[in-house]
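Chain residues, written in single-letter form:
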Amino acid sequence: MKLLRVLWVLCGLLVQAYALDREAFTFTNYNLDVRIEPEQQRLAARGKITLRNDSASPQKNLSLQISSTLNWRSIQLDGKPVQFVSQPYTSDIDHTGALSEAIVTLPRDVPPKATVELEIGYEGVIPLDVTRLTRIGVPAEVARHSDWDQIGKSLSAVRGIGYVAWYPVATESANLSEGNSVFETVARWKAREVGAQLRIKLSRSGEGTPEIPICNGEAGGLRTYEQMGRAYESVNECTFRPLGETVPLFVIGNYEGVERPSINISYIPEHKPDAEKYALAAQQVVPFVTEWFGTPQGRAEVKAEVIELSDALAAPYESGSMLLTPFNIDSKLAQFTAVHQLTHAAFFSPRPWIYEGLAHFAQALYRERESGRDGALDFMGLHRTAVADAEKAVAEARRQNPGASEALIDTGVEEFYRSKAMYVWWMLRDMIGESALKQAVAAYRSDADNAPAYLQHVIEAQAKRDLQWFFDDWVYRDRGLPDFRVASAYPRKMLANNYVVTVTVENRGGAGAEVPVTLKMEQGEVSKRLEVRAKSEAVIRIEAASTPLEIVVKDGSVPESDMSNNVYKIEIPEKSN
Ligand SMILES: [Zn+2]
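Rules used in this analysis
Residue positions are counted from 1 within each chain, in the order its sequence is given. Residue-level local features of this predicted model are given only where pLDDT is at least 70; pairs of side-chain atoms are given and counted only at 80 or more, and the full residue set underlies all totals for whole chains, interfaces and linings. Water and hydrogen atoms were dropped before computing side-chain values, which therefore reflect all heavy atoms in the structure. Each helix is a run of H or I in the DSSP string that is no shorter than four residues. Each strand is a run of E no shorter than two, and both are numbered from the N terminus. Two residues form a contact once any of their heavy atoms are found within 4.5 Å. Only the protein chains shown count as cover for residues, and the accessible areas themselves come from Shrake-Rupley with a 1.4 Å probe. Charged residues are defined narrowly, with Lys and Arg counted positive, Asp and Glu counted negative, and His plus the chain ends left uncounted. Charge positions are represented by NZ for Lys, CZ for Arg, CG for Asp and CD for Glu. Here the term donor refers to an N, O or S atom within 2.8 Å of the metal (or 3.2 Å for Na, K and Ca), and because water is left out of the atoms, sites may appear incomplete. Two strands form a pair only when DSSP identifies at least two bridges running between them. All axes here are fitted lines through C-alpha atoms, helices being fitted over the stretch that makes contact, and every angle between N-to-C directions spans 0 to 180 degrees. Under this definition, polar contacts are N or O atom pairs within 3.5 Å; protein pairs additionally need one hydrogen-donor-capable and one acceptor-capable atom, and for neighbouring residues in sequence, both atoms have to be side-chain atoms. Only one rule defines a salt bridge in this text: a Lys or Arg side-chain nitrogen within 4 Å of an Asp or Glu carboxyl oxygen. Whether a residue is buried, partly exposed or exposed follows from its accessible area with a 1.4 Å probe, protein chains only, as a fraction of its type maximum: under 20%, in between, or over 50%, in that order. Convention used here: angles under 35 degrees read as roughly parallel, angles over 145 as roughly antiparallel, angles from 65 to 115 as roughly perpendicular, and any remaining angle as oblique. In this scheme, a crossing is called left-handed if the near helix is turned counterclockwise away from the far one by less than a right angle; it is called right-handed if the turn is clockwise. Nonpolar residues are Ala, Val, Leu, Ile, Met, Phe, Trp, Tyr, Cys and Pro. Charged residues are Asp, Glu, Lys and Arg, and all others, Gly as well, are polar. By convention, a stacked pair of Phe, Tyr or Trp rings (six-membered ring in the case of Trp) has centres within 6.5 Å and planes under 30 degrees apart, an edge-to-face pair has planes over 60 apart, and any other such pair is tilted. Only when the NZ atom of a Lys or the CZ atom of an Arg is both within 6 Å of the ring centre and within 35 degrees of the ring normal do we say a charge sits over the ring. Joining through side-chain atoms within 4.5 Å is the link that ties buried Ala, Val, Leu, Ile, Met, Phe, Trp, Tyr and Cys residues into a set, and such a set is a nonpolar core. By definition, disulfides here are pairs of cysteine sulfur atoms that lie within 2.5 Å. Residue-level confidence of the predictor is what pLDDT reports, using numbers from 0 through 100.

Draft legend 1. Structural detail: the overall build of the protein chain. Each helix and strand counted, the protein chain has eleven helices and 26 strands in total. C-alpha atoms of the protein chain, sized along the principal axes, occupy 95 × 65 × 45 Å. Within the protein chain, counting contacts between residues at least 6 apart in sequence, those at least 24 apart form 68% of the total. Of the roughly 25,600 Å² that the protein chain leaves accessible, carbon and sulfur atoms contribute 52%. One way to put it: in the protein chain the 63 positive side-chain charges average out to a point 2 Å from where the 76 negative ones average out.

The following block contains the structure:
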């Protein structure tokens, strides 16, 4: 009898688990008051959230998840407490590797497209926690420099979903040991939340020099502090309208500031020289960024901002034009980092592959200006293996699920929207020329980018060239990478020591590209560009002023799946000598 009851209870739980669709609701609105007490590492939140049922069926249950070191205090609907069960839920979207999940049972079904507004309260601590990394074998000493989020006595820095669920979210469980599961879960959440409106009032009270919370919401938010004797209360009203790709974060510390026309820097007082070095580096690259992307102060509401992290080994983190980083870098590297940030401040696109791709492309351009084309190609080469590996992973996923795709136009995977996108911009410049691409960048309007083909048309208008095939292969679809090889190279002797070499290049990959074909001769070399579509061949004739030796079909500007088959030794037939 007892066993039967246990089974019945288990079945009941299974039914409940089966009925719960954690990703049914989109959180369309947050209006939260978040009080932070660094001395106790505490956070307490009260406020309202609005959820819309975006699933196809009515929902009676919903899930609200926060970091496992926070606890649910109250959940109300129309001023009355609703029934909910709070349980730990294992998921690596949070640094603790778990969430405090409230499973709410609503008094009535929410039909598809209808919304529900809940009043919520939760609180707890946010200490440094590396559980999700150590349990997959990362040494704690290493893990703490990447999962550095915490509310700390001297400095608090806490990023949102993917690091710390300090505001409520709802996703299916993600596991760091299962391929891209964390990335994909966070990307799914972000895609649902693109249009969400957030107002988060951060407040901190304390004694001594006032510390005002910093966040990555819209600039110009209300930032105030009130002094009462030695005590003070500081407030920062952070708004995100809409949230877009942003992951909300906050930082609180005893910072001092440097303000320059192109950048603001918040630094830990004893590091003033480093802050000034970074500010100077940023000022030095302003002309370069302006030449390509317009002035970094051009977007009234956006200014590049650097917030120092106190851990000298902390992995830097960027959110839009805000960068959280330790100051452990030399002037050259500071310039290089500033190019990326100032590009964000100067140029906006709602599409990550354009927004991030251009910022990485800007770094490659800057490297080219500093140390020539080879220097830029070396820099891009650091990304190539990551792109090739990511393509392999997608190809693998496609074997299980034919719909799997990471097309640049809507991918949430960083290797694609950062590294692959950088290559795409570089290839576009090689194909259409620098001035046409600059004009296209200048003509781009983020508010007009409502259709996938918008950018293609902006570029074609400047390039006077049909780029449909290129966008099909690289942007609208994920067709992997090209794989070039020289199928044949026939030299024909002309006058004296002159030759014409007929080169056939085969592309065995799924994406076409324009690739440099280089003929190396006894004296010197000559390069020509050749367009080779996917799964096809193209022929080019190259004149040689001395004996031709070999053909090379790569220079590092086009990422390929196989880079080992790109050199071809030319045989000079006996009779032509
Ligand atoms: Zn960026």
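Draft legend 2. Highlighting the coordination of the zinc ion. Within the protein, the atoms that donate to the zinc ion are Glu318 (OE), Glu318 (OE), His340 (NE2), His344 (NE2), Glu356 (OE) and Glu356 (OE), at distances of 2.0 to 2.6 Å. In primary-sequence terms, the residues that donate to the zinc ion follow E-x21-H-x3-H-x11-E. Highlighted residues: Glu318 in strand E18 (residues 317–319) and Glu356 in helix H7 (residues 352–400), separated in sequence by 38 residues.

Draft legend 3. How the structure looks around the sheet that holds strand E19 (residues 322–325). Within the open sheet, the five strands sit side by side as E15-E16-E17-E19-E18. Their pairing is mixed. On the outer flanks of this sheet lie strand E15 (256–259) and E18, each paired with one strand and no other. If you compare each strand with its neighbour and ignore which way they point, the axes differ by 15° on average. With four bridges connecting them, strand E16 (residues 263–267) and strand E17 (residues 304–308) associate as parallel partners. Bridging across to E17, Ile263 finds its partner in Ala304. Strand contacts of helix H6 (residues 331–346): E16, E17, E18 and E19, with the helix running at about 135° to E17, the strand carrying the most contacts.

Draft legend 4. Fine view of the side chain of Ser63. By secondary structure assignment, the location of Ser63 is in strand E3 (residues 59–67). Polar side-chain contacts of Ser63 include one of 2.7 Å to the side chain of Glu101. Residues contacting Ser63, with those up to four places away along its chain left out, are Leu20, Arg22, Phe27, Glu101, Ala102, Val169 and Ala170.

Draft legend 5. Spatial organisation of the environment of Arg73. One can find Arg73 in strand E4 (residues 70–77). For Arg73 and Ala98, which are 25 residues apart along the polypeptide, the C-alpha to C-alpha distance reads 18 Å. Not counting the four nearest positions on each side in its chain, Arg73 is found in contact with Arg46, Gly121, Tyr122 and Glu123.

Draft legend 6. Spotlight on the pattern of salt bridges. The final tally for this structure, using the stated rule, is 46 salt bridges. Where Glu23 meets Arg188, a salt bridge forms, and the shortest distance between an N and an O atom there is 2.8 Å. Here Glu23, found in the loop between helix H1 (2–19) and strand E1 (25–37), pairs with Arg188, found in helix H4 (residues 181–193); they are 165 residues apart in sequence, far enough to count as distant. Take Arg188: its relative accessible area is 36%, and that puts it in the partly exposed class. Each of Arg373, Asp430, Arg465, Glu514, Arg529, Glu531, Arg533 and Asp555 takes part in salt bridges that share partners, so that together they form one network.

Draft legend 7. Structural detail: the packing of helix H5 (residues 272–293) against H7. At a closest axis distance of 11 Å, the pairing of H5 and H7 adopts a crossing angle of 120°. As the angle between them shows, H5 and H7 are arranged oblique. In terms of crossing hand, the pair formed by H5 and H7 is right-handed. Contact residues: H5 offers Val285, Phe288, Glu291, Trp292 and Phe293, while H7 offers Leu358, Phe361, Ala362, Leu365, Tyr366 and Arg369. Across the contact of H5 with H7, the residue classes tally to nine nonpolar, no polar and two charged.

Draft legend 8. Expanded view of the packing of aromatic side chains. All told, the structure shown has 22 aromatic pairs when counted by the stated rule. For the pair Trp166 and Tyr167, a centre-to-centre distance of 5.2 Å together with 85° between the ring planes defines the contact as edge-to-face. Here Trp166 matches Tyr167 in class, with each residue buried. Ring pairs connect the aromatic residues Trp292, Phe293, Phe347, Phe361, Trp426, Tyr444 and Tyr454, which therefore count as one cluster. If you follow Arg429 out to its NZ or CZ, it ends over the ring of Trp426, 4.3 Å from the centre.

Draft legend 9. Quick look at the nonpolar core. Formed by 103 residues in total, the largest nonpolar core has its most connected members in Ile265, Tyr278, Trp353, Trp425, Ile459, Phe471 and Val503. Top element by residues in this core is H7. It accounts for 16 residues. Core analysis: the next-biggest nonpolar cluster, separate from the first, contains 69 residues, Phe27, Ala45, Val110 and Val247 among them.

Draft legend 10. Spatial organisation of the sheet that holds strand E21 (residues 499–507). Pairing is antiparallel in the open sheet, where three strands are placed in the order E20-E21-E24. With partners counted over all chains shown, the strands left at the sheet margins are strand E20 (484–493) and strand E24 (536–544), one partner each. Averaged over neighbouring strand pairs, the angle between their axes works out to 20° when direction is ignored.

Draft legend 11. A look at the state of the cysteines. The final tally for this structure, using the stated rule, is one disulfide. Disulfide partner of Cys215: Cys238, at an S-S distance of 2.0 Å. For the disulfide bridge between Cys215 and Cys238, the dihedral angle about the S-S bond is near -115°, and by the sign convention the bridge is left-handed. Separated by 23 residues along the polypeptide, Cys215 in strand E11 (residues 214–215) and Cys238 in strand E13 (residues 231–240) bring together distant segments of the chain. Across the pair, Cys238 and Cys215 agree in class, each one buried.

Draft legend 12. Focus on the confidence of the model for the protein chain. With 95% of its residues at a pLDDT of 70 or more, the protein chain shows a mean pLDDT of 91. Note that pLDDT drops below 50 for residues 1–18; the model gives that stretch one contact with residues more than four away or on any other chain.

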